[in-house]
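# Commentary on secondary and tertiary structure
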Amino acid sequence: MKASVEKVVFDNGGAFIEETRRDVHEYLASGRTRLRGSLLLYAKAPVAIGLSAISWALLIFVRPSVSVAVLCLGGLVLGALLTAFCVQHDANHGSYFPRRRYNHLLGWTADALLGFSSYAWRVKHNISHHTYTNIDGLDDDARQVPLARFAPSQEPKPWYRFQHIYIWPMYTLMGLRQQTLGDITAFARGKVGESRLRVPRGWNLAGLIVGKAIFVAWAIAIPLIVYPWWSVLGAYLGFVMITSLIMATTFQLAHCVEEASYASAEQTRDRRPLWAVHEVETTVDFCPRNPVLTWALGGLNFQIEHHLFPLLPHTHYPTIAKIVQRNCTKHGIRYTSQPSLRTALRSHFLHLRTMGRLGIVVEIEMG
Ligand SMILES: [Zn+2]
């Protein structure tokens, strides 16, 4: 792991992570355990991609009735979410296959099926977010100023007082932004957060261009041959906005909540925390006993374990969570797991409301 950008340096050791790595290594010592985890992971890719492909083919080649078409659109949304959570995320971390090129190839489903660059996403997610979690200015996911305020170190603005209300429609638009301006802006800036983003070349450039072309072809150009423009536009916007809302909210429930710590780069520099402890305390698990969400979210409800072991298939996280939680208790590290989706959503809502009000001068009427 790269440990310093802009002089933010973590201590990568410590008894907690050493002990936890040893325990996890022990759990994975059996070849059968590793194989089972990989097979459970592999089974998700054909489900995700197959669901998207069948739903799309029915819409284009069968032209079904309105009610079946709505079901197919639901299939496209679900297929895209499963691709985002259970296929491209693991693959772009390098946890599907031992070889990098196969992981990048499967991770390219982000370009072709979801419309955003997997090349840029690997810098944004694997480096900016995973190394500098919730550090304002370095974690690109923790900064949406001047639209919203997630961290206390971000300057207050009057409109943030309403962010816990307007954030939800804003989340629906993030997918559209990522598919259009998001990637282009990142390449033009040459960095994500403070992490360097080089202009892609060779296979990476080909993947970017071909991926965008495939996405535009299946999502817009081919449907326009079959359906009137207004129904294609409506279906496309509905598809992108719903997937965007669910994806953004899922990612936020792990980090942008009352129980997760935030820090500025300066504070982190001064404290020089243990990296593993920093990851546990800036991240929150949710719904650990919900088997449907645990399957569908690709381990994103076990983000503490994901942040400590991003190279492992997410299918191992529920077992690893017991090890991590036990060692956190032993070493006095705060470990938070929200028992239900309701408590997790409530915590996100309250965090946004608190951040929106923090530092705003309120007029008090006297008399
Ligand atoms: Zn990740």
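To start, this report covers the structure provided alongside it. Worth saying up front: this structure is predicted, and the values here are computed from it rather than measured.

## What to know about the pattern of salt bridges
All told, the structure shown has eight salt bridges when counted by the stated rule. The salt bridge partner of arginine 143 is aspartate 136, with a shortest N-O separation of 2.6 Å. The exposure class of aspartate 136 is buried, given its relative accessible area of 10%. Between glutamate 266 and arginine 269 there is a salt bridge whose closest N-O contact spans 3.8 Å. Here glutamate 266 pairs with arginine 269, and both are found in helix α11 (residues 265-271), just three residues apart, close to one helical turn. Using a relative accessible area of 46% as the deciding quantity, one classes glutamate 266 as partly exposed. For arginine 269, a relative accessible area of 32% translates into the label partly exposed. Linked through salt bridges whose partners overlap, the residues forming this network are Lys124, Asp140 and Asp141.

## A few points about helix α7 (residues 118-131)
The element α7 is extensively covered by neighbouring structure, given that twelve of its 14 residues are classed as buried. Within α7 the residues assigned to the buried category are Ser118, Tyr119, Ala120, Trp121, Arg122, Val123, Lys124, His125, Ser128, His129, His130 and Thr131.

## Some words on unusual backbone geometry
Along the chain, valine 145 connects to proline 146 via a cis peptide bond; the corresponding omega equals 5 degrees. Structurally, the position occupied by proline 146 is in the loop between β3 (135-136) and α8 (163-189). With phi around 60 degrees, asparagine 134 is a residue other than glycine that occupies positive phi space. With respect to the element layout, asparagine 134 can be found in the loop between α7 and β3. The buried category is assigned to asparagine 134, whose relative accessible area is 2%. Phi at arginine 272 takes a positive value of approximately 45 degrees, unusual for a residue other than glycine.

## Focus: the packing of aromatic side chains
Applying the stated criterion to the full structure yields twelve aromatic pairs. A ring pair is formed by tyrosine 42 and tyrosine 96, whose centres lie 5.9 Å apart and whose planes are at 25 degrees; its orientation type is stacked. Here tyrosine 96 lies in the loop between α4 (66-93) and α5 (100-107) and tyrosine 42 lies in helix α2 (residues 31-42), a separation of 54 residues in the sequence. When its relative accessible area of 3% is taken as the criterion, tyrosine 96 is described as buried. Ring-pair connections join several aromatic residues into one group, and the members of that group are Tyr42, Tyr96, Phe97 and Tyr102.

Thresholds applied
Residues numbered from 1 in each chain as written. Predicted model: local features only at pLDDT ≥ 70, side-chain atom pairs only at ≥ 80, totals over all residues. Heavy atoms only, no water. Salt bridge = Lys/Arg side-chain N within 4 Å of Asp/Glu carboxyl O. Buried < 20%, exposed > 50% of the residue type's maximum accessible area, 1.4 Å probe, protein only. Helix = DSSP H or I, 4+ residues; strand = E, 2+ residues; numbered from the N terminus. Phe/Tyr/Trp six-rings, centres within 6.5 Å; stacked < 30°, edge-to-face > 60°.

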